[in-house]
Amino acid sequence: MAVDSGNAGSVAMAWVGWGLLALLGALGLTVFVLRHPFGLAFGGGIAIAFVALMSVRRDAWLLFVPALAPVVDLAGWSGAIHLTESDALVMSALLVGGVQAMTVPGTVRSVGRRRGRPRPWRFGVVQIGVVALLGISYLVSTQWSSVPAALGDAALWMGYSTPLNGPRLAKGFFWAVLLLPVLAQALRERPQAATRWLVAGLVAGAVLVSLAALWERWAFTGLSDFASDYRTTALFWEMNVGGATLDGWLALTAPVALWWVLGERDSRWLALGMAVLAVLAYASFTTFSRGLYLGLAAGVVVLLLVMLRRGVWRVSGTSLLVWMAYSAVLAGWLAGVFQTGGYRGAGAMLGLGLAVFGAAPVLALASARTLGGAAVLALAGATASIAAMLLVPKGVYLSYGFNALLFGAALFGRWPGGLERRAAGVVAALLGWLAANAVLVSQYWAESGGLLPAVACAAWLLLPLVWMCLRPARCWRPTPHGWVLVSMCLGAITLAVVSLNTYYAATRMESAAVDLEGRFAHWSYSASLPAGQDATWLGVGVGRFAEAYFWQAPEGVLPGSHGLRFDAGSTYLKLGAPRHVLGFGELYRVSQRVSPGLVAPLQLTVRVRAPEADARLAVEVCRKHLLYAAGCTAGGIKVPKGAVWTTQQLLLRPAKLGGAGPWLPRVTVFSIANDSRALLEVDELSLVDASGRELLDNGDFARGADRWFFSSDRHHLPWHAKNLWLHYFVEQGWVGLVAFSLLCVAAVWRLSFGGAAAHPLAPPLLAGLTAFFIVGAFDSLVDAPRLAVLGFLVLFTALGLRAREP
C-alpha cells in the first residue's frame, strides 16, 4: 500500500524509534552478559533464553515479563543487585518488540492508517503530561554521574548506600516508560489478544510467586505452622532489609486472578482457577502483613461492587445485605469452632457448608414425611459415629470421610429409574448425618467445651435449608460457577477466622496500635530528612533515603553498613559499626549462599583488623532463605585494636545446623557481621568443610560484590520511608510527590468514571490498584525496581485504555 508524503515522515520517525528501542535492549543485554557474576556463558544463556521466549509470538512479553519477573532474579546467589535477571527480561522485551515492529509487515506503516479510526488505547495530552512530569522528576533527582563512574569503580556496585543506588531505583520507572510504545502498539493494534496475554501474565506471576512462598514455608517451617515468627518473602531478594515487595506484587495481581475466576464459565478452567485462588490465599495469609490483608479486602470489595454495578450478577441489595449478615454470624460461630476444634473442626464445618449448597435444590422439593424419615436415619448414623469415636482410634474422622463419600455419590451419582423418588430422602439423611459428624469432629478435637459452638455453627449452616423448603421457588442452582462462588465465600470467612485466631497472626493484630504509633514517629522523622538537606522541592535524591537516614538518624537507631575499600592494590570489606541494640536478629550481615550439602565441622580462615577499637566478628552458617534462620552453627572472633592485618581461624561445629532437607532444598547461608561498636575490616575469607571442599567464592573481594549479599533480619526502618507517597517526598521532593499523585489520581479516575470505566479490564485493574495503594500506605514499594515496573505498567495501561465500541 502506498504511503502519502504526509505520512512518510511519521513512518520514518517510527522506524527510527523502534530501531533505537531495539538497540537499547541489545546494548543492555550485552552489559548484563559481560557483568554477570556467574560468567559469560551463564549470562549469555539467560539472555538467549529470554529473547527466545519473547519471540515465541507477537506480544509474548505481556505474558513473560509479569509472569517471570518475580521469580527469575538470582541476586541472593550472585550478589548483583543493580543489573538483574528481571532487567534482562525487560531488555529482551525491548529488543524483540523493536525488531518485530520494524520487520513484521505493515506494523510501521500502520502509523499512517490509524488516523480517524477509533482506538481502544490512546495516550492524550493529559496522560503524556503526568508521565512526563514524573519522568522529569526522576531525571532531575537521580545522580546519573554514578553510571559512567561505576565502570571503573567496583565499590559503587556494593550495597544501597552508594550513588549508584539512585539509577538502580530509577530504572523501574524508565523500564516501564521504554515498554510503553510496545504496550501501546499491542493494545491499539491487537487489543483482544494483548488483553488475554496481559491477564495471563499477571495471573501467572501471582501463581509463581505463591508457589515460591509455598516452597519457602514447606522447606523452613512446614505448611501448617502458623505460630512461628516467620513471614514469607518468596523469591524477592529486595526484602533483605524488610519492605513489602511480596505484599505489593500480590496486591496488584491477586484481584486479577479473582476477576478471571469470577468471569470464567468453563468448568475445567474453573477447577484450575480454584486451585490458583487457594494457593494465592495461602501465600497472602503467610505474609502476616496487616496492610496486605486490608488491601486485598478492599480490593475484593471494589472488584465485586464494580462487577455488580455492571450487572454481572443479578442480586438485589436486600439479598446482598442478608447474605452479608448471615456470613458475619457464621464467621463468629466458626471462630468458636476453630478456637476449640482447631483446623479439623473448621474443615468439617466447611465441608458441611458445601454439602448444604449442593443439597438445597434436592431438599427444597422434599415432603415433610420424607424429611422426617431422613431425620430418623441421620440420628441412627450419628449414634454409629459416636460409637466409632469411642471405640475406634480416630474413628470419628473415618466416619466423617465415609459419610462425605456416600453423600457425594448420592448427590452426583445416577440413580436407577425406580429409586429416583428415594433420592431426596437419602440425600437429606446423609446431610443430617454429616452435620452430626461435623459436630463430633470438633468435639473430639476439643475434648471439652467445643460442643456448644459446634452445634450452633452446624445449625446456622443448615438454616438456609429451612428457607429453601418454605420458598422452593427462591432456591439457588448449584452451577459450576455457583460452586466456585460459595467455595470462595467460605474460604474468605475461614481465612478471616484463622487470621484473627492463630497465635502469630493474632499477635500481629493485637500489636497493630502500638506498631502504628511507632510508624507515625518514623514517618515524622522521615519527612524531616529533605529539610535537613535543603532539598524540599527536589528531595534528597532517588535511592538516597538510606544514606540520608544514616547521617541524620539518632545515635540509637543507626544500622550497620558495609562497603569495599582499597589498600595497596588489595580489595577488602569494611563493616561499619551499628549503633542500635545488638542481638541475633539485629545484626547487619554480609552473606554468601553456600552448598546445602556441606559436611560439618567447618574451618573458617580470615584476615581481619580493627583500626579504631577492639571489635568482634560474628560468624554464622545457617539454613536460611533470606531473613529467618531455621538452624545455625555460629561463633565469633575477637579482634584487638590495631592497624596490622591478622589471620584468624574459627572452627564451626554442626551444632543446630540441621540437615539440607529431604527433597525440598533448604538454602544455606554463610554470614559475617560486626558484633561490636567499632569499625571492622575483613579480607581473604575461606570456609572449608570436613571433606576439604572450599565453600566460598570471591573470598578476597577481588571481583567486588560478586557472590556477596547483605541483609538486616529485623531492623528495617533505616532503609524505607514506609509510605509510598512519603517515599516520593523524601527522595524527589514536592515535585516528585505531586507528579506521582497526579499519575495515581488520573489512573484511578479513568478506571472509575473516565474513558476506561467501561473497559473489561477496568474492574481488576481498579481493584489491584486499590489494594496496591493501601499496601503502599504502609510501605515504600517502588524501592524494588521490578515491582515498580509492574506498578507503572498497570498505571500506564489504566491511563491509556478506552472503552470498546458497542
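Every value quoted in this text rests on a predicted model; they were computed, and no experiment measured them. (Residues numbered from 1 in each chain as written. Predicted model: local features only at pLDDT ≥ 70, side-chain atom pairs only at ≥ 80, totals over all residues. Heavy atoms only, no water.)

Caption draft 1: Fine view of the pattern of salt bridges. Counted according to the given criterion, the structure contains 19 salt bridges. Between Lys624 and Asp713 there is a salt bridge, with its nearest N and O atoms 3.3 Å apart. A residue pair is termed long-range when its members are at least 10 positions apart, and Lys624 in strand β5 (residues 615-624) and Asp713 in the loop between β10 (709-712) and α23 (724-752) qualify at 89 residues. Its relative accessible area of 3% is what places Asp713 among the buried residues. (Salt bridge = Lys/Arg side-chain N within 4 Å of Asp/Glu carboxyl O. Helix = DSSP H or I, 4+ residues; strand = E, 2+ residues; numbered from the N terminus. Buried < 20%, exposed > 50% of the residue type's maximum accessible area, 1.4 Å probe, protein only.)

Caption draft 2: Structural detail: helix α10 (residues 245-263). Helix length check: α10 (19 residues) gives 28 Å between terminal C-alpha atoms against 27 Å at 1.5 Å per residue, within 8%. By the largest-angle criterion, Thr253 marks the main kink of α10, which is about 30°, and a proline, Pro255, follows within four residues. Burial analysis of α10 places 18 of its 19 residues in the buried class, the great majority of the element. (Expected span 1.5 Å × (residues − 1). Bend = angle between axes of the 7 residues up to and from the residue.)

Caption draft 3: Quick peek at a nonpolar patch on the surface. A contiguous nonpolar surface patch, about 1,000 Å² in accessible area, is contributed by Leu133, Ile136, Leu139, Val140, Trp144, Val147, Trp537, Leu538, Trp734, Val738 and Leu742. Mapped by element, the contributors of at least two residues to the nonpolar patch are α6 (125-141) and α23. Along the chain, the position of Leu742 falls in helix α23. (Patch = residues over 30% accessible without salt bridge, like charges linked within 9 Å, V, L, I, M, F, W, Y side chains within 5 Å. Areas by Shrake-Rupley, 256 points an atom, 1.4 Å probe, with all protein chains shown as cover.)

Caption draft 4: Region of interest: the sheet that holds strand β6 (residues 629-639). Pairing in this open sheet of five strands is antiparallel, and the strands run β6-β5-β8-β3-β10 from one edge to the other. Both edges of this open sheet fall to β6 and β10, since each of them pairs with a single strand only. Across this sheet, the average inter-strand angle for adjacent strands is 25°, counted without regard to direction. (Pairing = 2+ DSSP bridges. Axes fitted to C-alpha atoms, helices over the stretch in contact; angles between N-to-C directions.)

Caption draft 5: Structural context of the sheet that holds strand β4 (residues 602-610). Spatially, five strands are ordered β1-β2-β9-β4-β7 in an open sheet, and the strand pairing comes out antiparallel. In this open sheet, the two edge strands, each paired with only one partner strand, are β1 (561-567) and β7 (642-652). Pairs of neighbouring strands in the sheet enclose a mean axial angle of 35°, with direction left out of account. In this sheet, strand β9 (residues 680-688) lies alongside β4 in antiparallel orientation, the contact comprising six bridges. Across the sheet, residue Arg607 finds its bridge partner in β9, namely Asp683.

Caption draft 6: Spotlight on the nonpolar core. Ranked by size, the top nonpolar core spans 142 residues in total, and within it Trp61, Leu134, Leu743, Phe792, Phe796 and Leu799 carry the most contacts. Once you skip the residues sitting within four places of it in the chain, Leu743 turns out to touch Val130, Val131, Leu134, Phe792, Leu795, Phe796 and Leu799. In this structure, Ala348, Ala364, Ala374 and Val486 belong to the second largest nonpolar core, which totals 56 residues. (Core = buried A, V, L, I, M, F, W, Y, C linked by side-chain atoms within 4.5 Å. Contact = heavy atoms within 4.5 Å.)

Caption draft 7: Fine view of the pairing of β5. Of all ten residues in β5, nine are buried; the element is thus mostly enclosed. Note: β5 against β6, nine bridges, orientation antiparallel. Its bridge partner lying in β6, Ala615 is registered against Val639. Connecting β5 to the next strand, β6, in antiparallel fashion are four residues.

Caption draft 8: Highlighting the environment of Ala298. Considering the arrangement of structural elements, one finds Ala298 in helix α12 (residues 290-309). When sequence neighbours within four positions are dropped, the list of residues in contact with Ala298 reads Thr770 and Ile774.

Caption draft 9: Main features of unusual backbone geometry. A cis amide bond links Ala600 to the next residue, Pro601, at an omega of 5°. When you line up the elements, Pro601 lands in the loop between β3 (588-594) and β4. A positive phi angle, close to 50°, is found at Phe288, a residue other than glycine. With respect to the helices and strands, the residue Phe288 is situated in the loop between α11 (267-285) and α12. Despite not being glycine, Arg707 has its phi angle at roughly 75°, a positive value.

Caption draft 10: Summary view of the state of the cysteines. Under the criterion given, the structure shown has one disulfide. Here Cys457 is not cross-linked by a disulfide; its sulfur's nearest cysteine counterpart is in Cys489, at 15 Å. (Disulfide = S-S within 2.5 Å.)

Caption draft 11: Here's a closer look at the pairing of β9. Most of β9 is tucked away: seven of the nine residues are buried. Sheet topology places strand β2 (residues 570-576) next to β9; three bridges connect them, and they run antiparallel. For Leu573, the partnering residue across the bridge sits in β9 and is Val682.

Caption draft 12: Inspection of the packing of helix α18 (residues 480-501) against helix α19 (residues 503-510) at higher detail. One can describe the packing of α18 onto α19 by two numbers: an axis separation of 5 Å at closest approach and a directional angle of 75°. Here α18 is positioned roughly perpendicular relative to α19, judged by the angle of their axes. Where α18 abuts α19, its residues Val498, Ser499, Leu500 and Asn501 lie against Tyr503, Ala505, Ala506 and Met509. Residue composition of the contact of α18 with α19, grouped by class: six nonpolar, two polar and no charged. (Parallel < 35°, antiparallel > 145°, perpendicular 65-115°, else oblique. Nonpolar A, V, L, I, M, F, W, Y, C, P; charged D, E, K, R; others polar.)

Caption draft 13: Spotlight on helix α3 (residues 61-72). Of all twelve residues that make up α3, eleven are buried, and the element is covered over most of its length. Listed in full, the buried residues belonging to α3 are Trp61, Leu62, Leu63, Phe64, Val65, Pro66, Ala67, Leu68, Ala69, Pro70 and Val72. The secondary structure elements touched by the buried residues of α3 are α2 (40-54), α5 (85-103), α8 (165-189), α9 (191-220), α10 and α25 (785-800).

Caption draft 14: Here's a closer look at the packing of aromatic side chains. Applying the stated criterion across every chain yields a total of 47 aromatic pairs. These aromatic residues form a ring-pair network of at least three members: Tyr138, Trp144, Phe173, Phe174, Trp725, Tyr728, Phe740, Phe772, Phe773, Phe792 and Phe796. Cation over ring: Arg35 sits above Trp157, and NZ or CZ is 3.7 Å from the ring centre. We note Arg609 situated over the ring of Tyr572; from NZ or CZ to the ring centre the distance is 5.5 Å. (Phe/Tyr/Trp six-rings, centres within 6.5 Å; stacked < 30°, edge-to-face > 60°. Lys NZ or Arg CZ within 6 Å of the ring centre and 35° of its normal.)

Caption draft 15: Focus on the environment of Ala767. Along the polypeptide, Ala767 turns up in helix α24 (residues 762-776). Judged by relative accessible area, which is 0%, Ala767 ranks as buried. Between the C-alpha atom of Ala767 and that of His716, which follows or precedes it by 51 residues, the distance is 29 Å. If we skip the residues at most four places from it in the chain, Ala767 touches Pro255, Gly299, Val302 and Leu303.

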